[in-house]
Structure formats: structure tokens, C-alpha cells
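# Overview (structure and organization)
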Amino acid sequence: MTGWADVERYLVDTVVHPDGALVNAVEATAHAGMPAIEVTPTQGKFLMLLAKIAGARRVLEIGTLGGFSTIWLARGIPDDGTVDTCEYEQAHADVARRNLDLAGVGKKVTIHVGAALDTLPTLAGPYDLFFIDADKVNNPRYLDWAIRLSRPGSVIVLDNVVRGGSVLEADGDEAVQGTRGALELLGSHPQLEATALQTVGSKDWDGLALAVVVAAAP
Ligand code: SAH
Ligand code: DHB
Ligand code: MG
């Protein structure tokens, strides 16, 4: 029976057209034994388009893996734009570095290896676009940092906010708690306007949240 993944393949082939470097990045990530949890090509191109729509020049990503989303983000900014991306695992950063270089965006991207909560205090804002996609337990803290490193007009994207519906488990595991905390912050923070969209596809039933910073810190 036709399903979400078939439709995704059709949309990828018809609309998204990932090039060889993007296909290679996913293959190299899998070949290195890393988890197949990168965004889908439809989502990756959505990030690229968001960067273009926002006119982003400085992007901050939390959670690099093999650099698949990073390539899309880097392709959404001008030649003199920059992506800072935070990754805990040195082995992931090594694979990402190679994938980014092969994709021709290596010069735009700095990979900060270590716990993102150690890196974030060393970074200087403002960033124009944030993509938060690392350990979900820390999502509220990552969102706090994004706001701190933002300016009015900055865009924040938070990945994996539905996770097959597990977001409804009020007493769920720490990842669910982290994402619920971040969603509550998104929905109530005086500096943010936000929404969240459910998604289906090869990564099953999930979703992403989108926010814009509407005011400077008081
Ligand atoms: N954004 C990527 C997928 C990221 S997967 C893409 O869509 O292509 C999540 C990544 O976050 C993993 O590589 C994991 O090692 C990393 N990570 C987990 N905990 C982290 C932490 N505390 N600080 C930084 N990175 C972390
Ligand atoms: C997981 C993490 C992700 O960022 C994702 O997009 C999918 C799954 C995970 O930790 O299982
Ligand atoms: Mg994710």
C-alpha cells in the first residue's frame, strides 16, 4: 500500500532534487555506523528556504551528526555567511567535516566539538537562524540560549517535537520532558511568536516547531 515514505520519495524526486553531495552525506553517515536520524530531504530544503526567506547570514545549529542539515543550512546563506554547529561526538564531527567539505560548504561552517551547553556561552550573537536538534532533554536550555543569542526577527526551529505522539506523555522520559518544556516556553515566552507543525514521511510521525523573536530582551 502507498504510504508516507512513498509520497516523500515522490516529493523528493519531483521537487527537492538533492544533489550527489547530499546523497553522499547520508550514505557516509550510515556507513560510519551513526544513527539515521538526520532530517529528511524535504525538511532539509525547508531549512534552506527558511534561511533564504529570513535573509540569514549567521546560523547556529545544535546537533550536527553527519552534517546533512548543516549542508542545507549553509546552502541557504550567502557565500560570506557562517554556520556554527555544535556536536558532542568527535567521531560525528569528523564525518560531518568531510561531508561539508565534499559539499563545497566547508569554509562557511565551524564545528564546535563538545557539549553544546559548554560551547554556547563562548558564542557571540546575534544569530539570524537557529536549528535546535540535539539531546532533547536540554531543549529548554537550548531555547533559552537561542533567545539570548538572538535579535528581534531571528528565527528558531526546534526538531522532533511530536515523536509519534509521545509528546503527550506528561510523565514521559526526560527527552519528552525536555521537548514539552521547550514547547511550553515557546508558547508563553514574551519575546516569541511560535507554532508547531506535525510531519509524516520516512521518519514516521513527528513535527517541528517554528518561532520568530518579536522583541528585544527587556
Ligand atoms: N541535525 C542533524 C541531526 C542531529 S542528530 C541532521 O538533521 O542532519 C543529534 C546530534 O546531537 C547527534 O550527532 C548527537 O551526537 C548530538 N548531541 C547529543 N547530545 C549533544 C550535546 N549535549 N551537545 C552537542 N551535541 C549533542
Ligand atoms: C532522534 C533524534 C533526532 O534529532 C531525530 O531527528 C530523530 C530521532 C533520536 O534521538 O532518536
Ligand atoms: Mg532531529
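For the structure itself, consult the block above.
Right, let's walk through the structure included here. (Residues numbered from 1 in each chain as written. Chains lettered and ligands numbered in written order. Predicted model: local features only at pLDDT ≥ 70, side-chain atom pairs only at ≥ 80, totals over all residues. Heavy atoms only, no water.)

### A look at the overall build of the chain
In terms of helices and strands, the chain carries 8 helices and 7 strands. Of all 218 residues assigned to the chain, the portion counted as buried reaches 50%. Expressed as a percentage of contacts within the chain between residues at least 6 apart in sequence, the contacts between residues at least 24 apart total 71%. Total accessible area computed for the chain in this model is approximately 10,400 Å², and 56% of it derives from carbon and sulfur atoms. (Helix = DSSP H or I, 4+ residues; strand = E, 2+ residues; numbered from the N terminus. Buried < 20%, exposed > 50% of the residue type's maximum accessible area, 1.4 Å probe, protein only. Contact = heavy atoms within 4.5 Å. Areas by Shrake-Rupley, 256 points an atom, 1.4 Å probe, with all protein chains shown as cover.)

### Quick look at the site of ligand 2
In the region of ligand 2, the neighbouring residues are Ile-37, Asp-133, Lys-136, Asp-159, Asn-160 and Arg-163. Asp-133 has a polar side-chain atom sitting 2.6 Å from an oxygen atom of ligand 2. Within the contact set of ligand 2, an oxygen atom lies 3.0 Å away from a side-chain nitrogen or oxygen of Arg-163. Bound to the protein, ligand 2 loses 68% of the 290 Å² it would expose on its own. Classifying every residue of the shell around ligand 2 gives 1 nonpolar, 1 polar and 4 charged. (Near = heavy atom within 4 Å. Polar contact = N/O pair within 3.5 Å; in protein donor to acceptor, adjacent residues only side chain to side chain. Nonpolar A, V, L, I, M, F, W, Y, C, P; charged D, E, K, R; others polar.)

### A word on the coordination of the magnesium ion (ligand 3)
Within the protein, the atoms that donate to the magnesium ion (ligand 3) are Asp-133 (OD), Asp-159 (OD) and Asn-160 (OD1), at distances of 2.0 to 2.1 Å. Here the donor residues for the magnesium ion (ligand 3) map to a single chain with the spacing D-x25-D-N. Here Asp-159 lies in strand β5 (residues 155–159) and Asp-133 lies in the loop between β4 (129–132) and α7 (139–148), a separation of 26 residues in the sequence. Here Asp-133 matches Asp-159 in class, with each residue buried. (Donors = N, O, S within 2.8 Å, 3.2 Å for Na, K, Ca; no water.)

### Focus on the site of ligand 1
Surrounding ligand 1, one finds 22 residues, the nearest of these being Gly-63, Ser-69, Glu-87, His-92 and Asp-133. The separation between an oxygen atom of ligand 1 and a polar side-chain atom of His-92 is 2.9 Å. Here a nitrogen atom of ligand 1 and a side-chain polar atom of Asp-133 are 2.8 Å apart. Those elements that place two or more of their residues in the shell around ligand 1 are α4 (68–75) and β2 (82–87). Across the shell around ligand 1, the residue classes break down as 11 nonpolar, 5 polar and 6 charged.

### A word on the layout of surface pockets
Here the second largest pocket is characterised by a volume of approximately 270 Å³. Looking at the second largest pocket, it is lined by 17 residues, and the ones nearest its centre are Glu-8, Val-12, Thr-40, Pro-41 and Ser-202. Listed by contribution, the elements that provide at least two residues to the lining of the second largest pocket are α1 (4–16) and α2 (20–31). Sorting elements by how many residues they give to the lining of the second largest pocket places α1 first, with 5 residues. Broken down by class, the residue content of the lining of the second largest pocket amounts to 10 nonpolar, 2 polar and 5 charged. (1 Å grid on protein atoms, 1.4 Å probe; cavity = no way out; pocket = protein on both sides within 12 Å on 5 of 7 lines; lining within 4 Å. Points joined across faces, edges and corners; volume = space filled by probe spheres on them.)

### Focus on helix α3 (residues 41–54)
Residues lying three or four places apart along an α-helix face the same way, a consequence of the helix completing one turn every 3.6 residues. Taking 1.5 Å per residue as the helical rise, α3 with its 14 residues ought to reach 20 Å, and the 20 Å between its terminal C-alpha atoms agrees with that figure. Of the residues making up α3, those classed as buried are Pro-41, Gln-43, Gly-44, Leu-47, Met-48, Leu-50 and Ala-51. Of the surrounding secondary structure, the elements contacted by the buried residues of α3 are α1, α4, β4, β5, β6 (192–199) and β7 (206–213). Downstream of α3 by a residue or two, Gly-55 has a phi angle that is positive, lying close to 65°. (Expected span 1.5 Å × (residues − 1).)

The values are spatial; any link to function lies outside them.
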